[in-house]
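Residues per chain are reported as follows:
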Amino acid sequence: MTSAQSKSSAGNFFEDFRLGQSFRHATPRTVTTGDVALNLALTGSRFPVQSAAGFAGTIGLLGAPLDDLLVFHIAIAKTVPDISVNAVANLGYADLRFETRAYPGDTLSTVSEVTGLRPTSDGKAGIVYVRSLTRNQYDENVVSWNRWVMVRKRNESAETPETHVPDLPSLVPAEALTVPAGADFSGYDTDAAGSPHLWEDYEVGERIDHIDGMSIGDSEHMMATQLYQNTARVHLDRHLAQGSRFGQPLVYGGHVMSLARALSFNGLANAAFIAAINGGRHAAPSFAGDTIYAWSAVLDRQPLPNRADVGALRLRTVATKNRPCGDFPGAEGDDPSVVLDLDYWVLMPRRG
Amino acid sequence: MTSAQSKSSAGNFFEDFRLGQSFRHATPRTVTTGDVALNLALTGSRFPVQSAAGFAGTIGLLGAPLDDLLVFHIAIAKTVPDISVNAVANLGYADLRFETRAYPGDTLSTVSEVTGLRPTSDGKAGIVYVRSLTRNQYDENVVSWNRWVMVRKRNESAETPETHVPDLPSLVPAEALTVPAGADFSGYDTDAAGSPHLWEDYEVGERIDHIDGMSIGDSEHMMATQLYQNTARVHLDRHLAQGSRFGQPLVYGGHVMSLARALSFNGLANAAFIAAINGGRHAAPSFAGDTIYAWSAVLDRQPLPNRADVGALRLRTVATKNRPCGDFPGAEGDDPSVVLDLDYWVLMPRRG
Amino acid sequence: MTSAQSKSSAGNFFEDFRLGQSFRHATPRTVTTGDVALNLALTGSRFPVQSAAGFAGTIGLLGAPLDDLLVFHIAIAKTVPDISVNAVANLGYADLRFETRAYPGDTLSTVSEVTGLRPTSDGKAGIVYVRSLTRNQYDENVVSWNRWVMVRKRNESAETPETHVPDLPSLVPAEALTVPAGADFSGYDTDAAGSPHLWEDYEVGERIDHIDGMSIGDSEHMMATQLYQNTARVHLDRHLAQGSRFGQPLVYGGHVMSLARALSFNGLANAAFIAAINGGRHAAPSFAGDTIYAWSAVLDRQPLPNRADVGALRLRTVATKNRPCGDFPGAEGDDPSVVLDLDYWVLMPRRG
């Protein structure tokens, strides 16, 4: 009687986007200790500020804040139905900043604006640049970021907009990083945290093998994706994937980021918060059954304005699949085992 | 010294049931935000009233209520050890009504009464009709339903009771539907919800393809079943299943219901609550690895007594496995891909 | 610039341990209702005191306490990075006592002391005996235990310490068992609990087949291990496991303990708490896809000092893989299907 898809949406294709177009993404999401436990079960993360209310209390916080990447995955998932459900590839991130930290009970809502559009040379797709912002229930900025994705055209002959590529910074300056409100790291307990190494101990150029490997189960990566309410078909639809060139669902790249961060505890135990992500690349897809390893390099070490208790380390963390990282694969040139290459700032307590 | 199974129970067989027999099922269960997060991880559901405390607040609720089907799955699981642990098939549901909504922290307890018994013609099994009721810690009725299951006999020569088949309604009348206490949909925010389509916009006869597919992981369906404390062997015991005609565990049908409901967000985003289930059929079993798709038809649209803010839609939602639903499989006659065919009422905000 | 592994740790090897050495293990962990829900999803456990706040209230508790084994798994996981990340085998437990019960919101921290060391005869490894204690945020003792593990040497020619084997009790005496603070079992509701059988009804020598089987999913056992923040490579690293004699990750033995305990509800529904573990043996490894069954024998029945409301049962619970337990495999001599053989005390209400 009525046509299919009148009420449902197959999402936007490249020709549907306009420069300056804004989105208020559905749906708001309250994050709870249930999400915290699932994040542990899915990643095994051990960073103590996020693991224990009492430990968070020693640095002046009223409770354990949410894992930064858990917040980011939930935040970005909101943009998928409007922006990237028809994406061919997630090409990059820039200028991601964590500002107000999120706590269990907070409700996150995300808005976006199209900041750039560039058709591919073959005319079959285009790159959409989006700036997104997630706020909490008090309208405080929780996390903001730019990303760009390649989106298919619905109709290859559709007219496409004029090219505009935004000017995106390759680095968030250290002086723009935000220390969590109320945090005072002078009481940070390295014994309880499991490592004596603080900000001063890391040298620019130093490399750290995180040693351990963590395998991705078939249900784990789908549960992670669903927990974030991320609807990207390439991660969730096995039937569709059987007709794709990979033959199986791709693991959500954010899950690999979280595994790499969890693994990095062994060597970076006191990297208490991620403050910003300068850039990142999902170098290759991962699949259920893969084992993720990781190594990091210290790219920079910077003090923070007016803070003697905490400083910033700029890290490059590289994750591989099915290849231990004792010899730092990908350090000098490409390596086929590399699945993630992330450039980011962490906050780490100083000796004061 | 003492015989096996003296303290443990293999459950009831058909000859153990008596008309009018009542059960107080073990064990009460407190539902928390942990269950809410797991329900998200297992289904990816996005309905905003259940996703965000703040959104629930805009319709006058003090917090996000529990997903209706999560409540139902926990409620019905309590009946399994007494009623259906030896069931061959779950044949149907009737007159399921959600009354008082459940919230994190509520404790649910279930009682049942045998309302009908009918031996099968071959004398090897029988159909048990049960009416069940789940209450919260304040003795308020949360959800009630009838279901009938085919249960094996322990001893094929055992005498079986006289046949009695209860008179079950095929439809819950719209005027019997319960709007959640305290809910006022006049403040419902369609932007935050992700869809502009309200009660008035749905036409009787309209069909909606929910487009997306969601795969069932091996661990996911077992974790769902275990979360509900459902002990049905056919879902949990792989060793036993290897000797069955399917050779592997069957996915709990309720998990498929939840996936279909989650998928229906794309096209029915503002179907805020399930108010009643008129009937339902698990048309075929699903297995780990299957991808579920769904479509819905609007069967009826009814106002609710004294409410200008919210109305009722009677929906038929059909779920398939490994077959997208763009052409509405099962709409006219049987289709082998159909795994679920559900007839139910949802509550949806009106334009007022 | 700097050598690999300068900041990260491959863990301790046998030659690194010293008699009397003490460890304050990283990192403290706050346990929440999110963990409770995951524990349900991973085990399907139905013991009512832990399932329902209201039921816990009937025995005088202010809320549902955490599952005892969930607490133990989180507690022992903390010791892994320092003690057993290079373990070849987990050989045994002794004198494990649950003292103060843990509740959602509690933060657990673990310390250990090396109480014994014994090189193996081939000189390639050694047995490390450790006594560990987990406390809550009020410095109350939650659980303490001894365990011994076989740990590889880093360097086979390294000198190893003099042998010292601690004198460990094979039994926690009944009079040393701790009833949860505030608990009064005189209001225990056997109807709601699902079984009429109380302390007086169990005879020494009685055997109980727990009947049901529960399969281990690939993701489930890894999620359990990760939830506990247990970093043992043999459970989590599929790539590494491919080079091992098993070719796949081993299921964490504690997950099998939890499944056996959950299955034991059918026959021991009123075994409300585990009070102590006298000893235990992981007789053989389990793998994803295995189905766990269990049976129990009553080894002893003892009253508790000054308590008419609750008594203690000493149980032996044997878990098998892929073999139902109707004929009590392993009761008389070894059986290749046995994966766990546990000797422990439970608390069970008395008729008073």
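This one's a predicted model, so the numbers in the text were calculated from it and none came from an experiment.

A look at the overall build of chain A
A tally of helices and strands in chain A yields 11 helices and 12 strands. By the compact-globule yardstick of 20 Å for 352 residues, chain A fits well, its C-alpha radius of gyration being 20 Å. With respect to the principal axes defined by its C-alpha atoms, chain A has extents near 65 × 45 × 35 Å. Counting across all 352 residues of chain A, residues that qualify as buried make up 62%. Surface accessibility of chain A: about 11,700 Å² in total, with carbon and sulfur atoms responsible for 48%.

A closer look at helix H7 (residues 218-227) of chain A
Because the α-helix completes a turn every 3.6 residues, residues three or four places apart line up on one side. Residues and elements named next belong to chain A. Most of H7 is tucked away, with 9 of its 10 residues classed as buried. Residues of H7 that are buried: Ser 219, Glu 220, His 221, Met 222, Met 223, Ala 224, Thr 225, Gln 226 and Leu 227. Two residues or fewer past H7, Gln 229 is found with a positive phi of approximately 60 degrees.

A look at the pairing of strand E9 (residues 273-281) of chain B
Residues and elements named next belong to chain B. In terms of burial, E9 is a largely internal element, 8 of the 9 residues being buried. Where strand E3 (residues 87-98) and E9 come together, 4 bridges link them in antiparallel fashion. When the sheet's bridge partners are listed, Tyr 93 is paired in E9 with Gly 280. In terms of strand pairing, E9 meets strand E12 (residues 338-349) through 7 bridges, oriented antiparallel. Residue pairing for E12: Gly 280 is matched across the bridge by Leu 342.

Some details on the relation of the copies chain A and chain B
In the superposition of chain A on chain B (RMSD 0.0 Å, axial shift 0.0 Å), the rotation amounts to 120 degrees. Expressed as an axis order, the relation between the two copies is that of a three-fold axis. Using C-alpha coordinates, one finds that chain A approaches the rotation axis most closely at A:Gly34, a distance of 2.2 Å. Mapped onto chain B, only 16% of the interface residues of chain A again fall at the interface, so the copies present different surfaces.

Things to note about the interface of chain A and chain B
With 37 residues of chain A in contact, the opposing surface of chain B contributes 52 residues. For the pair chain A and chain B, the two sides together bury roughly 3,400 Å², of which 55% comes from carbon and sulfur. Linking chain A with chain B are 4 salt bridges, by the criterion used here. Joining chain A to chain B, the criterion identifies 22 residue pairs in polar contact (both at pLDDT 80 or more). Only strand E2 (29-30), helix H1 (33-43), H7, helix H8 (233-236) and helix H9 (238-241) of chain A provide two or more residues apiece to the side of chain A that touches chain B. Take the side of chain A that touches chain B: its biggest share by element is 6 residues, from H7(A).

Some details on the nonpolar core
Membership of the largest hydrophobic core comes to 174 residues, with the highest contact counts inside it found for A:Leu38, A:Met223, B:Leu38, B:Met223, C:Leu38 and C:Met223. Filtering out sequence-adjacent residues up to four positions away, C:Met223 remains in contact with A:Leu38, A:Ala41, A:Leu42, A:Glu220, A:Met223, B:Met223, C:Leu38 and C:Leu42.

Focus: the pattern of salt bridges
Under the defined criterion, the tally for this structure stands at 54 salt bridges over all chains. Salt-bridge contacts for A:Asp309 lead to A:Arg307; the nearest nitrogen and oxygen are separated by 2.8 Å. A cluster of three or more residues bridged by salt bridges with shared partners is formed by A:Arg24, B:Asp189 and B:Asp191.

Topic: the interface of chain A and chain C
Quite often, the size of an interface is put as the accessible area lost when its parts meet. Contacts between the two partners involve 52 residues from chain A, matched on the other side by 37 residues from chain C. When the buried surface of chain A facing chain C is broken down by residue, A:Ala41, A:Arg46 and A:Ile211 rank first, second and third, together holding 15% of it. The tally of links between chain A and chain C comes to 4 salt bridges. Across the chain A-chain C interface, the total number found is 22 residue pairs in polar contact (both at pLDDT 80 or more). Top contributing element to the side of chain A that touches chain C by residue count: H1(A), with 8 residues.

Points about the relation of the copies chain A and chain C
These two copies of the chain differ by a rotation about an axis and a displacement along the same axis. When chain A is fitted to chain C, the residual RMSD is 0.0 Å, and the transformation amounts to a turn of 120 degrees plus an axial shift of 0.0 Å. A different interface surface on each copy is seen, since only 12% of the contact residues of chain A are contact residues in chain C too.

Points about the packing of helix H4 (residues 68-77) of chain A against helix H10 (residues 253-263) of chain A
All names here are of chain A. With their axes 10 Å apart at the nearest point, H4 and H10 run at an angle of 175 degrees to one another. With respect to their mutual orientation, H4 and H10 come out roughly antiparallel. Here H4 contributes Leu 69, Phe 72 and His 73 to the contact with H10, which in turn contributes Gly 254, His 255, Met 257, Ser 258 and Arg 261. Residues that form the contact of H4 with H10 fall into these classes: 3 nonpolar, 4 polar and 1 charged.

Describing the packing of aromatic side chains
One pass over the structure, following the stated rule, counts 33 aromatic pairs over all chains. Ring pairs connect the aromatic residues A:Phe55, A:Phe185, A:Tyr188 and A:Phe273, which therefore count as one cluster. When the ring centre of A:Phe47 is taken as origin, the NZ or CZ atom of A:Arg261, which lies over that ring, is 3.7 Å away. Here C:Lys7 stacks its cationic end above the ring of A:Tyr202, 4.6 Å away from the centre of that ring.

Brief notes about helix H1 (residues 33-43) of chain B
Residue and element names in this part refer to chain B. Taking burial as the measure, the 11 residues of H1 include 9 buried ones, the bulk of the element. Every buried residue of H1 is listed here: Gly 34, Asp 35, Ala 37, Leu 38, Asn 39, Leu 40, Ala 41, Leu 42 and Thr 43. The N-terminus of H1 is capped by Thr 32, whose side-chain oxygen sits 2.9 Å from the backbone nitrogen of Gly 34. Phi turns positive one or two residues past the end of H1, at Gly 44, with a value near 70 degrees.

Side note on the confidence of the model for chain A
Confidence in the prediction of chain A, expressed as mean pLDDT, is 95, and 99% of residues score 70 or more. Scored as a whole, the predicted complex attains pTM 0.97, and scored at its interfaces, ipTM 0.95.

What counts, and where the lines are drawn
Residues numbered from 1 in each chain as written. Chains lettered and ligands numbered in written order. Predicted model: local features only at pLDDT ≥ 70, side-chain atom pairs only at ≥ 80, totals over all residues. Heavy atoms only, no water. Helix = DSSP H or I, 4+ residues; strand = E, 2+ residues; numbered from the N terminus. Rg over C-alpha atoms; globule rule 2.2 N^0.38 Å. Buried < 20%, exposed > 50% of the residue type's maximum accessible area, 1.4 Å probe, protein only. Areas by Shrake-Rupley, 256 points an atom, 1.4 Å probe, with all protein chains shown as cover. Pairing = 2+ DSSP bridges. Least-squares fit on C-alpha atoms with pLDDT ≥ 70 in both. Contact = heavy atoms within 4.5 Å. Buried area = accessible area lost by both parts, 1.4 Å probe. Salt bridge = Lys/Arg side-chain N within 4 Å of Asp/Glu carboxyl O. Polar contact = N/O pair within 3.5 Å; in protein donor to acceptor, adjacent residues only side chain to side chain. Core = buried A, V, L, I, M, F, W, Y, C linked by side-chain atoms within 4.5 Å. Axes fitted to C-alpha atoms, helices over the stretch in contact; angles between N-to-C directions. Parallel < 35°, antiparallel > 145°, perpendicular 65-115°, else oblique. Nonpolar A, V, L, I, M, F, W, Y, C, P; charged D, E, K, R; others polar. Phe/Tyr/Trp six-rings, centres within 6.5 Å; stacked < 30°, edge-to-face > 60°. Lys NZ or Arg CZ within 6 Å of the ring centre and 35° of its normal. pLDDT = per-residue confidence, 0-100.

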